[in-house]
Amino acid sequence: MTAPSALPGPHAFPLDLGGRTALVTGAASGIGRACALRLAAAGAKVRAVDRDAEGLETLNDQAHGLAGTVEPQVLDLTDLDAAEQAAAGTDVLVNNAGLQMVRPLEEFPPDVFHTVLTVMLEAPFRLIRGALPHMYGQGWGRIVNVSSVHGLRASAFKSAYVAAKHGLEGLSKTAALEGAPHGVTSNCVNPAYVRTALVEKQLADQARTHGIPRERVLTEVMLRDSAVKRLIEPEEVAEAVAYLCGPQAAFMTGTSLALDGGWTAH
């Protein structure tokens, strides 16, 4: 199967975000980069937020010639006040930034647990808080939270990530209930393992934690519960994010869109 392109083409449905401002966190690579390019291709002015300045520069180069624009913004989301301020005036907010560590609970570093929840739960709260006044004022807004199958199911050795994603699911639903009278939708997209640098790092972590060779991690751990035995491409997730921003999804809010290859069908 060929993965859909992040740019307009035979796999991309029509989407017009001309005149809209979007903010995508974790935009320098992986899912965030694919989302930034997809929304810019639809005509949006995209604020691309990441702490990786070099990655943002590469993204900016890739965005040349698209219908919209990409504006790189170097920002560490642990600066919560700056995160909230960055979201002011946005029409579309994509909370994507994340990090991962695979360790047993009794060995999990408390400082890393704190950082994961700050970046993946508290920062999205502050970004939503910063974006809502503008969205409410105009009677339209789209919040898309890139959650995970781990927002719906738990796995061992991922206490911080699972806790953050489960919290993000609840935050997204609350935003949906509060935002509905103002024309604002809030949804989660829930991919299983995506072909990103974050997953590549997990291969080594999982191999060490489970005591098996790296090459067995993908088939025996990551894809064990998936009926579709492959990684998801970032562009496939970006297409789901784009769908939730379009008029055809105006009645979808407070839900979780699983892209998990059948994982949650068990």
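These notes cover the structure that comes with them. (Residues numbered from 1 in each chain as written. Predicted model: local features only at pLDDT ≥ 70, side-chain atom pairs only at ≥ 80, totals over all residues. Heavy atoms only, no water.)

Some thoughts on the overall build of the protein
When helices and strands are counted, the protein shows eight helices and seven strands. On C-alpha atoms alone, the protein measures out to a radius of gyration of 18 Å, which is about the 18 Å that the 2.2 N^0.38 rule sets for 266 residues. The principal-axis extents of the C-alpha atoms in the protein amount to approximately 55 × 40 × 40 Å. When each of the 266 residues of the protein is scored for burial, the buried share is 53%. Here the protein has roughly 11500 Å² of accessible surface; of this, 56% comes from carbon and sulfur atoms. For the protein, the separation between the mean place of its 22 positive charges and that of its 28 negative charges on side chains is 4 Å. (Helix = DSSP H or I, 4+ residues; strand = E, 2+ residues; numbered from the N terminus. Rg over C-alpha atoms; globule rule 2.2 N^0.38 Å. Buried < 20%, exposed > 50% of the residue type's maximum accessible area, 1.4 Å probe, protein only. Areas by Shrake-Rupley, 256 points an atom, 1.4 Å probe, with all protein chains shown as cover. Lys, Arg positive; Asp, Glu negative; His and termini not counted. Charge placed at Lys NZ, Arg CZ, Asp CG, Glu CD.)

Side note on the environment of Gly262
For Gly262, the location among the structural elements is in the segment after strand S7 (256-259). Given a relative accessible area of 24%, Gly262 falls into the partly exposed group. Placed 199 residues apart in sequence, Gly262 and Ala63 show a C-alpha to C-alpha distance of 33 Å. Once residues lying within four places of it in the same chain are set aside, the contact partners of Gly262 are Asp225 and Ala227. (Contact = heavy atoms within 4.5 Å.)

A look at the nonpolar core
Grouped together as the largest cluster of nonpolar side chains are 51 residues, with contacts concentrated most on Leu39, Val46, Leu59 and Val94. At eight residues, helix H1 (residues 30-41) tops the list of elements feeding residues into this core. Among residues more than four places away in sequence, those in contact with Leu39 are Leu17, Ala22, Val24, Ala44, Val46, Val92, Val94, Ala242 and Cys245. Membership of the second largest hydrophobic core comes to 31 residues, among which are Ala82, Met120, Leu132 and Ala175. (Core = buried A, V, L, I, M, F, W, Y, C linked by side-chain atoms within 4.5 Å.)

Examining the packing of H1 against helix H2 (residues 53-62)
The description of two packed helices rests on the angle between their axes and on the distance between the axes. Taken N-terminus to C-terminus, the directions of H1 and H2 make an angle of 30°; their axes are 10 Å apart at the nearest point. The orientation of H1 with respect to H2, classified from their angle, is roughly parallel. For the element pair H1 and H2, the recorded crossing hand is right-handed. Of the residues in H2, those touching H1 at Arg33, Ala36 and Leu37 are Gly55, Thr58, Leu59 and Gln62. Grouping the constituent residues of the contact of H1 with H2 by class yields three nonpolar, three polar and one charged. (Axes fitted to C-alpha atoms, helices over the stretch in contact; angles between N-to-C directions. Parallel < 35°, antiparallel > 145°, perpendicular 65-115°, else oblique. Left-handed = near helix turned anticlockwise from the far one by under 90°. Nonpolar A, V, L, I, M, F, W, Y, C, P; charged D, E, K, R; others polar.)

Examining the layout of surface pockets
Here the largest pocket is characterised by a volume of approximately 870 Å³. Contributing to the lining of the largest pocket are 39 residues, with Asn96, Ala97, Gly98, Leu99 and Leu198 lying nearest its centre. Counting only elements with at least two residues in the lining of the largest pocket, the list comes to H1, strand S2 (45-50), helix H4 (110-138), helix H5 (159-179) and helix H6 (197-210). The element best represented in the lining of the largest pocket is H6, accounting for five residues. In terms of residue class, the lining of the largest pocket is made up of 17 nonpolar, 15 polar and seven charged. (1 Å grid on protein atoms, 1.4 Å probe; cavity = no way out; pocket = protein on both sides within 12 Å on 5 of 7 lines; lining within 4 Å. Points joined across faces, edges and corners; volume = space filled by probe spheres on them.)

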